[in-house]
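Read off the chains here:
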Amino acid sequence: MRLRKETDELQEEEILLVARVSDALAHPARIKIYRFIMKRNKDRVPVCNKDVVAAFDYSQATISQHLKKLAESELIQVQKNDKFSMYYANLGVLVKYLDATKKFE
């Protein structure tokens, strides 16, 4: 007897996206940093590492680790500008994440 494969509303790609983004947002500092970048980007203000360090009471090394995790999840995009890295919120990934989480039942 062969069992039918259940059709799951959440596709494998969406499951991986939810896991990756949830992991990135699992730390309160990363949520705060992500919101900071989103707000600055909304006002068309570029954001670099020193801006984030100045805005939060964390060491530069800690900020860098949090930014790395956000970039790995693709919640932020990094553009190299000479010796500086500029950070931009990737709202497309956030929207896909929110859409995928709505499929949970």
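Please refer to the structure placed before this passage.
Residues numbered from 1 in each chain as written. Predicted model: local features only at pLDDT ≥ 70, side-chain atom pairs only at ≥ 80, totals over all residues. Heavy atoms only, no water.

Draft legend 1. Molecular detail of helix H4 (residues 60-72). End to end, H4 covers 18 Å across 13 residues, agreeing with the expected 18 Å (1.5 Å per residue, within 8%). Every buried residue of H4 is listed here: Ile-63, His-66, Leu-67 and Leu-70. Take H4 and look down its axis: the buried residues cluster within an arc of 100 degrees, on one side only. The inward-facing, buried residues of H4 contact helix H1 (12-24), helix H2 (28-42), helix H3 (49-55), strand E2 (76-81) and strand E3 (84-89). The positive-phi residue at the C-terminal boundary of H4 is Glu-74, with phi of around 70 degrees. (Helix = DSSP H or I, 4+ residues; strand = E, 2+ residues; numbered from the N terminus. Expected span 1.5 Å × (residues − 1). Buried < 20%, exposed > 50% of the residue type's maximum accessible area, 1.4 Å probe, protein only. Arc of directions from axis to C-beta. Contact = heavy atoms within 4.5 Å.)

Draft legend 2. Expanded view of the pattern of salt bridges. Per the stated rule, a full pass over the model turns up two salt bridges. Here Lys-103 and Glu-14 are joined by a salt bridge, their closest N and O atoms 2.7 Å apart. Residue Lys-103 is located in the segment after helix H5 (91-101), and its partner Glu-14 is located in helix H1; the two are separated by 89 residues in the primary sequence. With a shortest N-O distance of 2.6 Å, Asp-23 and Lys-69 are connected by a salt bridge. (Salt bridge = Lys/Arg side-chain N within 4 Å of Asp/Glu carboxyl O.)

Draft legend 3. A look at the packing of aromatic side chains. Evaluated as defined, the whole model comprises two aromatic pairs. A centroid spacing of 5.6 Å and a plane angle of 80 degrees characterise the contact between Phe-36 and Phe-56, whose relative ring orientation is edge-to-face. On the criterion of sequence distance, the pair formed by Phe-36 in helix H2 and Phe-56 in the loop between H3 and H4 is long-range, its members being 20 residues apart. The class of Phe-36 is buried, set by a relative accessible area of 15%. Judged by its relative accessible area of 17%, Phe-56 is buried. Three or more aromatic residues joined by ring pairs make a cluster, and in this case those are Phe-36, Phe-56 and Tyr-58. (Phe/Tyr/Trp six-rings, centres within 6.5 Å; stacked < 30°, edge-to-face > 60°.)

Draft legend 4. Seen up close, the nonpolar core. The biggest cluster of nonpolar side chains holds 24 residues, and the ones touching the most others in it are Ile-33, Ile-37 and Leu-75. Secondary structure elements with two or more residues in this core: H1, H2, H4, E3 and H5. Setting aside residues up to four positions removed in sequence, Leu-75 forms contacts with Val-21, Ala-24, Leu-25, Tyr-34, Leu-70, Tyr-88, Ala-89, Asn-90, Val-93 and Leu-94. (Core = buried A, V, L, I, M, F, W, Y, C linked by side-chain atoms within 4.5 Å.)

Draft legend 5. Molecular detail of unusual backbone geometry. Phi is positive for Glu-74, which is not a glycine, with a value near 70 degrees. Structurally, Glu-74 is set in the loop between H4 and E2. Not every positive phi belongs to a glycine, and Asp-82 is a case in point at roughly 60 degrees. Position of Asp-82 relative to the elements: it lies in the loop between E2 and E3. Look at Asp-82 and you get exposed, because its relative accessible area is 77%.

Draft legend 6. Quick look at the packing of H2 against H4. Direction vectors running N to C along H2 and H4 enclose 75 degrees, while the axes themselves pass 10 Å from each other. Relative to H4, the element H2 lies roughly perpendicular. Residues Ala-29, Arg-30, Ile-33, Tyr-34 and Ile-37 of H2 lie in contact with H4, whose contacting residues are Ile-63, His-66, Leu-67, Lys-69 and Leu-70. Of the residues contributing to the contact of H2 with H4, the split by class is seven nonpolar, one polar and two charged. (Axes fitted to C-alpha atoms, helices over the stretch in contact; angles between N-to-C directions. Parallel < 35°, antiparallel > 145°, perpendicular 65-115°, else oblique. Nonpolar A, V, L, I, M, F, W, Y, C, P; charged D, E, K, R; others polar.)

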